[in-house]
Amino acid sequence: MLTEIKKIISHAKSERLEERDILIYTLHKIQETIEGNYIPEEAVKLVSEELNIPLSKVYEVLTFYSMFSIKKRGKYLIRVCTSLPCHVANGREIIKTLKEELKIDFNQTTDDGLFTLEETSCLGLCGVSPVIMINNEYYGDLTPKKVREIINKLKRGENI
Amino acid sequence: MKPITILISVDSNSILLGAKEFLKLLKSLVKDYNFDNIVDILETGTLGNYNGVTIAVMPDNVFYSAKTKEDVVKIFEEHILKGRKVLDLEINHKNLITKKESLTKEIRIVTRNIGKIDPKNIEEYIANNGYFALAKALEMKPENIIEEIKKSGLRGRGGAGFPTGLKWEFTFKTNSDQKYIVCNADEGEPGTYKDRLIMEGDPHSIIEAMVIAGYTVGATKGYIYIRGEYYGSVENIKKAIHDAYEYGFLGKNILNSGFNFDLSIRLGAGAYICGEETALLESIEGHAGRPRLKPPYPPQSGLFGKPTVINNVETLANIPQIILNGADWFRQFGTENSPGTKVFCFAGNLNNRGIVELPMGITVKELLVYAGGVSGENLKMVQTGGIAGTFIDESKFDTPLDYDSFAKYGVSLGSGVILGVNDTHCVIDIAKNVMEFFRHESCGKCTPCREGTKMAVKILEKMGQFQATKTDLDNLIEIANTARETALCGLGQSFPVPLLSLINNFKDEFLDHIENKHCIANICKRVPKKKKSKVK
């Protein structure tokens, strides 16, 4: 894993226009690569050394931005939009259904390690709200029925 | 060119409504009927409508909205095979380009290519006058470009409305070994999705504008800072940058002018505050995105302490057209103080959701007609401008939307959102949702914003449980006024706008919760009192 992260960092270095403009970019890449959709301690240390940024600074950045996590997440990270455009378009029902189906609250992971539920603000897909995001895919125009179908398919290991 | 072209929108919104499947189906139909030499299928950006996937048949100039695969088959079999229009699927849609001028006031400057060209094909952009403005600009003196932009009256489309020409002039006049151009594509304003659709539908217009800006102010490096969640935008911009380098519109000695410009993408990571320009710069520099105290402003001291121009995506997309057609052409649209057009986004309980580009100064009432009216019950209120914008009731629907509207009528243009809310919703619940957003997104640097948003949410929770008093309402107003006067940046100064507009325009409903313990929408519920446990 560490050699892979080293590779990501050196690739990022080659893409920069200025010193330090690639910290967040690098963290995104690492999070995408590591299983569990998070940034583990070893990776943070490596970033700090390779980019010559104090460890405390890297952690400050990591914890400031909501897309990053230092805690391991489930196989499927479900981000549900809680902003007003989704809220008024029956978003509340979608959140209720998700919590009922998964039997977890926000920022929790199911016991089987399959799902993590997080809140997100507007995803810029208000034309088809309410909207959720599962890993890198979006799902819009949702109804509680559609949500249940998606979750059940994922539970059965099927493609959605 | 083949005799028939079918355009299908494959922007993010359309994909969620099945655009990819419909595209596959269309392709197989063309093959099955052996129409390979007759029909071309072209993927494009949005055509503006989200009741279904928009499919356009050219040269007939007929637009359809398809919701199911059966619809797609019907369009193909009826229109393409038999030459008959499918009337029940046709969109007599006022926000699409039609030849009937009386139907629409739409003017497409920013969205001129969206839904017309394949955004991933640089040659299609060039074929539609793409990079011609750059060639023209490189033969002009920077002073003359600034003069033209100033004369056009173009103002920042991100929300603040600062004159673009002045911003460029300030940066131009500074002396520095390095200057930067930054495109603010960190669109986080709830309800706003225009920048996403511009980047997905016409990415080269942003790149062209940034190179022109760089040449004008003397900057040789640029960044596009895109929201981390916007995968589609990132993909299309990335491809566009790559192709622009290949064709010599980026890099060294651009079009043999001796001018060099490098451009790179940087990603946001889920922080609304990074849409604030100085917070965005902090983020590119590898810090947590906390705003800086201004002045100095970015044109003097911006990215890495160097002079920097920061423009919104929509602002930049106007630039090539102004250079090509001139300031006088641009000024014929919109109003005296707000020339040009605005891309409006419809969100919430409205029948037609999507984007539409209209001249500045259009009224909220007219916009609601384009939005097809309210969905569900009756319309209760409209929020204009985005989450930091104003909530208004019907009495203000005649307000024209331009940069002066807020000062004159207390109605905000902001980023151009029209969010409809029907009467199944409660004002307190709406206010709570808005304030929870700001509480979460406050960066915590200054007290009025960090503490003010928290206190406001608490008071609104109390109101929702029928436990608030009139003093609480007074406190809420005071919190809002304090933040407006004393907060450090635009976020802290603007959360009072939606809050106060709700209190001012729907005061009766606030008082109903306080005095009568009653919620007209039946959303707020009294929380049963817990029995106090005895403390030993």
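In short, a report on the structure. Source: prediction; values computed, not measured.

Here we look at the packing of aromatic side chains
Enumeration over the complete set of coordinates arrives at 20 aromatic pairs over all chains. Taken together, a centroid distance of 6.5 Å and an interplanar angle of 50 degrees make the contact between Tyr138 of chain A and Tyr231 of chain B tilted. Note that Tyr138 of chain A is positioned in strand S5 (residues 137–139) and Tyr231 of chain B in helix H10 (residues 231–246), a pairing that runs across two chains. You can call Tyr138 of chain A buried: its relative accessible area is 12%. Between Phe35 of chain B and Phe76 of chain B, the ring centres sit 6.3 Å apart and the planes meet at 50 degrees, which makes this aromatic pair tilted. Here the residue Phe35 of chain B occupies a position in the loop between helix H2 (19–32) and strand S2 (39–44), and Phe76 of chain B occupies one in helix H3 (residues 69–82), the gap between them amounting to 41 residues. The buried category is assigned to Phe35 of chain B, whose relative accessible area is 17%. Judged by its relative accessible area of 0%, Phe76 of chain B falls in the buried class. Linked through ring pairs, Tyr125, Tyr131, Tyr247 and Phe249 of chain B together constitute an aromatic cluster. The positively charged end of Arg196 of chain B is found above the aromatic ring belonging to Tyr138 of chain A, 5.1 Å away from the centroid. One cation-aromatic arrangement involves Arg266 of chain B over Tyr25 of chain A; the distance from NZ or CZ to the ring centre is 5.6 Å.

As for helix H21 (residues 507–515) of chain B
The α-helix advances 3.6 residues per turn, and as a result positions three or four apart in sequence lie on the same side. Residue and element names in this part refer to chain B. Of the positions making up H21, those classed as buried are Glu509, Phe510, Leu511, Asp512, His513 and Ile514. Residues of H21 that are buried in the fold lie against strand S12 (379–384), helix H16 (427–441), helix H17 (447–464), helix H18 (470–486) and helix H20 (496–505). Looking one or two places after H21, you find Lys517, whose phi comes out positive at around 50 degrees.

Description of the pattern of salt bridges
Residue and element names in this part refer to chain B. Under the definition given, this model contains 42 salt bridges over all chains. Two residues, Glu282 and Arg292, come together in a salt bridge whose shortest N-O distance is 2.7 Å. Linking Glu282 in helix H11 (residues 277–284) with Arg292 in the loop between H11 and strand S8 (308–312), this pair joins segments that are ten residues apart in sequence. Put simply, Lys432 and Glu436 hold a salt bridge, and the shortest N to O gap is 3.7 Å. With Lys432 and Glu436 both in helix H16, this residue pair falls four residues apart, about one helical turn. For Glu436, a relative accessible area of 28% gives the class partly exposed.

Calculation criteria
- Residues numbered from 1 in each chain as written.
- Chains lettered and ligands numbered in written order.
- Predicted model: local features only at pLDDT ≥ 70, side-chain atom pairs only at ≥ 80, totals over all residues.
- Heavy atoms only, no water.
- Phe/Tyr/Trp six-rings, centres within 6.5 Å; stacked < 30°, edge-to-face > 60°.
- Helix = DSSP H or I, 4+ residues; strand = E, 2+ residues; numbered from the N terminus.
- Buried < 20%, exposed > 50% of the residue type's maximum accessible area, 1.4 Å probe, protein only.
- Lys NZ or Arg CZ within 6 Å of the ring centre and 35° of its normal.
- Contact = heavy atoms within 4.5 Å.
- Salt bridge = Lys/Arg side-chain N within 4 Å of Asp/Glu carboxyl O.

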